[in-house]
Amino acid sequence: MENSYQHFRDDERLFIDQVLDWVQKVELQYSPYLTPFLDPREQYILESIVGQHNEVRAEAFGGYEAAERKRLYLSPSYFEPVQEDFEIKIAELRYPKKFTDLSHGKILGTLMGEGIRREMIGDIITDGEDWQFFADASIMQFFLSSLTKIGNITIQIEEIPYTEILLPKDTWEERFEIVSSLRLDVILASVFHISRQKSKELISSKKVKVNWNETERPDVVLGIHDVLSIRGYGRLRIEAIEGKTKKEKIRLKLGFLDRNR
């Protein structure tokens, strides 16, 4: 048990306990377990733990190939899931496009305001005009019958087949950076070419989220697949830690998304 914690942050222990419980159910009952939607860091933790259990496999799917948030299907190693096993449905929003604009933040805020837990919703995507989101199949009927407004914008929800998924306009750009440490404030300063003081001010003024959660701690040590959202700057994803330089600095492979929402 303790071995499962040592490679991760203290604040991730609760999630690790949850993953260990899921894995144990699969091992003891020889039956599959479908997780809620997980962010990239949670997926990384889960896959790291499952990798230590030879009798359990994990397959990930988020509704489309480039999905960020995914559900993982844990099963005995001999079992091969199919797409339907992930129980993901797709909703498209119909709204008066000529007169108003939707945004990722408005849509997510409305869904959360309806009492829907974040783990029930996958990615929210747009091609610049139309919007779609992925959801746990069990709550799609609620959206179809009950969701009529996003903020003050009247909308209709329509369930669509996988063949009609939008091609998202957002694409991640690959970057490489050398940093002196994996502290949050150090990485922000290095990547955006700002002072450490400025990066600390961004954090203290609640403009920075780590894995969709606000943090006011500049000393958070980041890890693989952490996703940072920085208001006014965009988003970062730590793709890999690629060793150290001769001067003991850390080489990072990053994904960067210039999306200020």
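Located above this text is the structure these notes cover.
Right, let's walk through the structure included here.

About the cut-offs
Residues numbered from 1 in each chain as written. Predicted model: local features only at pLDDT ≥ 70, side-chain atom pairs only at ≥ 80, totals over all residues. Heavy atoms only, no water. Pairing = 2+ DSSP bridges. Helix = DSSP H or I, 4+ residues; strand = E, 2+ residues; numbered from the N terminus. Contact = heavy atoms within 4.5 Å. Axes fitted to C-alpha atoms, helices over the stretch in contact; angles between N-to-C directions. Phe/Tyr/Trp six-rings, centres within 6.5 Å; stacked < 30°, edge-to-face > 60°. Buried < 20%, exposed > 50% of the residue type's maximum accessible area, 1.4 Å probe, protein only. Left-handed = near helix turned anticlockwise from the far one by under 90°. Nonpolar A, V, L, I, M, F, W, Y, C, P; charged D, E, K, R; others polar. Patch = residues over 30% accessible without salt bridge, like charges linked within 9 Å, V, L, I, M, F, W, Y side chains within 5 Å. Areas by Shrake-Rupley, 256 points an atom, 1.4 Å probe, with all protein chains shown as cover. Salt bridge = Lys/Arg side-chain N within 4 Å of Asp/Glu carboxyl O. Lys, Arg positive; Asp, Glu negative; His and termini not counted. Charge placed at Lys NZ, Arg CZ, Asp CG, Glu CD. Polar contact = N/O pair within 3.5 Å; in protein donor to acceptor, adjacent residues only side chain to side chain.

1. Overview of the sheet that holds strand E14 (residues 234-244)
Taken together, the six strands give an open sheet; going across it, the order is E10-E15-E14-E13-E11-E12, and neighbouring strands pair in antiparallel fashion. The open sheet has two free edges, formed respectively by strand E10 (173-179) and strand E12 (213-214), since each of these has just one partner strand. Strand direction decides the pairing type here: strand E11 (residues 208-210) and strand E13 (residues 227-230), joined by three bridges, are antiparallel. Within the sheet, the bridge partner assigned to Lys209 lies in E13 and is Ser229. Against the sheet, helix H6 (residues 184-192) engages E10, E11, E13, E14 and strand E15 (250-257), with an angle of about 120 degrees to E10.

2. Some thoughts on the packing of aromatic side chains
Overall, the coordinates contain twelve aromatic pairs when judged by the stated rule. Arranged with centres 5.9 Å apart and planes meeting at 55 degrees, the rings of Tyr73 and Phe86 form a pair that is tilted. One end of the pair, Tyr73, is in strand E3 (residues 71-76); the other, Phe86, is in the loop between E3 and strand E4 (88-94), with 13 residues separating them in the sequence. Assigned by exposure class, Tyr73 and Phe86 land together as buried. For the ring pair Phe133 and Phe143, a centre distance of 5.2 Å and an interplane angle of 85 degrees mean the geometry is edge-to-face. Here Phe133 is found in strand E6 (residues 131-136), whereas its partner Phe143 is found in helix H5 (residues 140-146), with ten residues between them in sequence. Residue Phe133 is classed as buried on the basis of its relative accessible area of 1%. The class for Phe143 is buried, based on a relative accessible area of 0%. Here the aromatic residues Phe61, Tyr73, Phe79, Phe86 and Tyr162 are joined through ring pairs into a cluster of three or more.

3. Observations regarding the packing of H6 against helix H7 (residues 196-204)
Contact pair H6 / H7: the axes reach a minimum separation of 8 Å and the direction vectors enclose 120 degrees. For H6 against H7, the interelement crossing comes out right-handed. For the pair H6 and H7, contact is made by Leu184, Asp185, Val186, Leu188 and Ala189 and by Arg196, Ser199, Lys200 and Ile203, respectively. Looking at the contact of H6 with H7 residue by residue, the class counts come to five nonpolar, one polar and three charged.

4. A word on a positive patch on the surface
The grouping of Lys198, Lys207, Lys209 and Arg231 at the surface amounts to a positive patch. Relative to the assigned elements, Arg231 resides in the loop between E13 and E14. Judged by relative accessible area, Arg231 falls into the exposed class, the value being 53%.

5. Points about the pairing of E6
Of all six residues in E6, six are buried; the element is thus mostly enclosed. The sheet contact formed by E4 and E6 spans six bridges and is antiparallel. When the sheet's bridge partners are listed, Leu93 is paired in E6 with Trp131. Examined bridge by bridge, strand E5 (residues 121-126) and E6 share four bridges and lie antiparallel to one another. Directly across from Ile125, in E6, lies its bridge partner Gln132. Taken together, E5 and the strand that follows it, E6, pair antiparallel across an intervening segment of four residues, in which Gly128 is found at a positive phi of about 105 degrees.

6. Description of helix H3 (residues 40-50)
All of the buried residues in H3 are Pro40, Arg41, Gln43, Ile45, Leu46, Ile49 and Val50. Residues of H3 that are buried sit in contact with helix H2 (13-29), strand E2 (56-61), E3, E13 and E14. Structurally, the start of H3 carries an N-cap: the backbone nitrogen of Arg41 is 3.0 Å from a side-chain oxygen of Asp39.

Nothing here speaks to function; it is all geometry.
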